[in-house]
Amino acid sequence: VLRCLGIPTRVITNFNSAHDKNLNLSIDKYIDMSGNNLHLSEDSVWNFHVWNESWFIRRDLGSFYDGWQVLDATPQEKSKGIYQCGPASTKAIKEGDVNLDYDSPFVFAAVNADCVTWIRYSKKRKERIYSDTREIGRFISTKAVGTNSRVDVTANYKYPEVKDISFKISYSQYKNSLMDDRKILVTAV
């Protein structure tokens, strides 16, 4: 319909798409002390999910957010009391502006949620034992104009993941900077 009105529109496929039911921007899995799944979260990861993007000027959000906007014709959750999703700015998603209207937190989680595993010791005590920041939002794609080729648009939704760097540092190199209320921050370039 939007194309018929002259609005540029394309279909987007997100592989490993998060469904963040509680909007905490993570996909949580709970296990007991024996490693058994406790099924305490309604979050899930779908093999893929498809939505549309349309090109809008965003006078309501400011010109920074002009451009591609996510519109999901098959929303799975209510937003402001009705089933809807969007228009969420892809620039807002990429920048992590999850406080904007139009389902920005839900779309952000769909492409960039962390997968977190918790061990639950009791109803009041849990501990995060694993977090995967790379699983969600892979190969976000659209179809190329005029061909059947795939165009990767992942960079429109998220920044590249930081690569793991392993290194060793001796205690003598940092002991003078340690204090009870400080942590060491190491940045690799």
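For the structure itself, look to the data block above.
Rules used throughout
- Residues numbered from 1 in each chain as written.
- Predicted model: local features only at pLDDT ≥ 70, side-chain atom pairs only at ≥ 80, totals over all residues.
- Heavy atoms only, no water.
- Pairing = 2+ DSSP bridges.
- Helix = DSSP H or I, 4+ residues; strand = E, 2+ residues; numbered from the N terminus.
- Axes fitted to C-alpha atoms, helices over the stretch in contact; angles between N-to-C directions.
- 1 Å grid on protein atoms, 1.4 Å probe; cavity = no way out; pocket = protein on both sides within 12 Å on 5 of 7 lines; lining within 4 Å.
- Points joined across faces, edges and corners; volume = space filled by probe spheres on them.
- Nonpolar A, V, L, I, M, F, W, Y, C, P; charged D, E, K, R; others polar.
- Polar contact = N/O pair within 3.5 Å; in protein donor to acceptor, adjacent residues only side chain to side chain.
- Contact = heavy atoms within 4.5 Å.
- Patch = residues over 30% accessible without salt bridge, like charges linked within 9 Å, V, L, I, M, F, W, Y side chains within 5 Å.
- Areas by Shrake-Rupley, 256 points an atom, 1.4 Å probe, with all protein chains shown as cover.
- Salt bridge = Lys/Arg side-chain N within 4 Å of Asp/Glu carboxyl O.
- Buried < 20%, exposed > 50% of the residue type's maximum accessible area, 1.4 Å probe, protein only.

A. Structural detail: the sheet that holds strand E9 (residues 126-132). Spatial strand order, E2-E8-E9: three strands in an open sheet with mixed pairing. Two strands in the sheet have a free side with no partner beyond their single neighbour: strand E2 (26-31) and E9. This sheet shows a mean twist of 25° between the axes of neighbouring strands, independent of strand direction. Bridge count for strand E8 (residues 114-120) against E9 is six bridges, and the pairing is antiparallel. By the bridge assignment for E9, Cys-115 is matched with Asp-132.

B. Highlighting empty space enclosed by the protein. Counted under the stated rule, the structure contains one cavity of 30 Å³ or more. Approximately 100 Å³ is the volume attributed to the largest cavity. In terms of lining, the largest cavity is formed by 14 residues, of which the most central are His-49, Trp-51, Asp-72, Phe-106 and Ala-110. Mapped by element, the contributors of at least two residues to the lining of the largest cavity are strand E1 (9-19), strand E3 (44-56) and helix H2 (104-112). Here the residues of the lining of the largest cavity are counted per class, giving eight nonpolar, five polar and one charged.

C. The arrangement of the side chain of Ser-54 in detail. With respect to the helices and strands, Ser-54 occurs in strand E3. Among the polar contacts listed, one links the side chain of Ser-54 to the side chain of Thr-9, at a separation of 2.9 Å. The contact partners of Ser-54, leaving out residues within four places of it in the chain, are Leu-2, Ile-7, Pro-8, Thr-9, Gly-67, Trp-68, Gln-69 and Leu-71.

D. Spotlight on a nonpolar patch on the surface. Together, Val-11, Phe-15, Phe-48, Val-50 and Phe-139 give the surface a local cluster of nonpolar side chains, amounting to about 430 Å² of exposed area. Counting only elements with at least two residues in the nonpolar patch, the list comes to E1 and E3. Judged by relative accessible area, which is 32%, Phe-15 ranks as partly exposed.

E. Representation of unusual backbone geometry within the structure. The phi angle at Leu-23 is positive, at roughly 55°, despite the residue not being glycine. Overall, the relative accessible area of 47% leaves Leu-23 in the partly exposed class. Phi is positive for Tyr-102, which is not a glycine, with a value near 70°. Along the chain, Tyr-102 falls in the loop between helix H1 (90-95) and H2.

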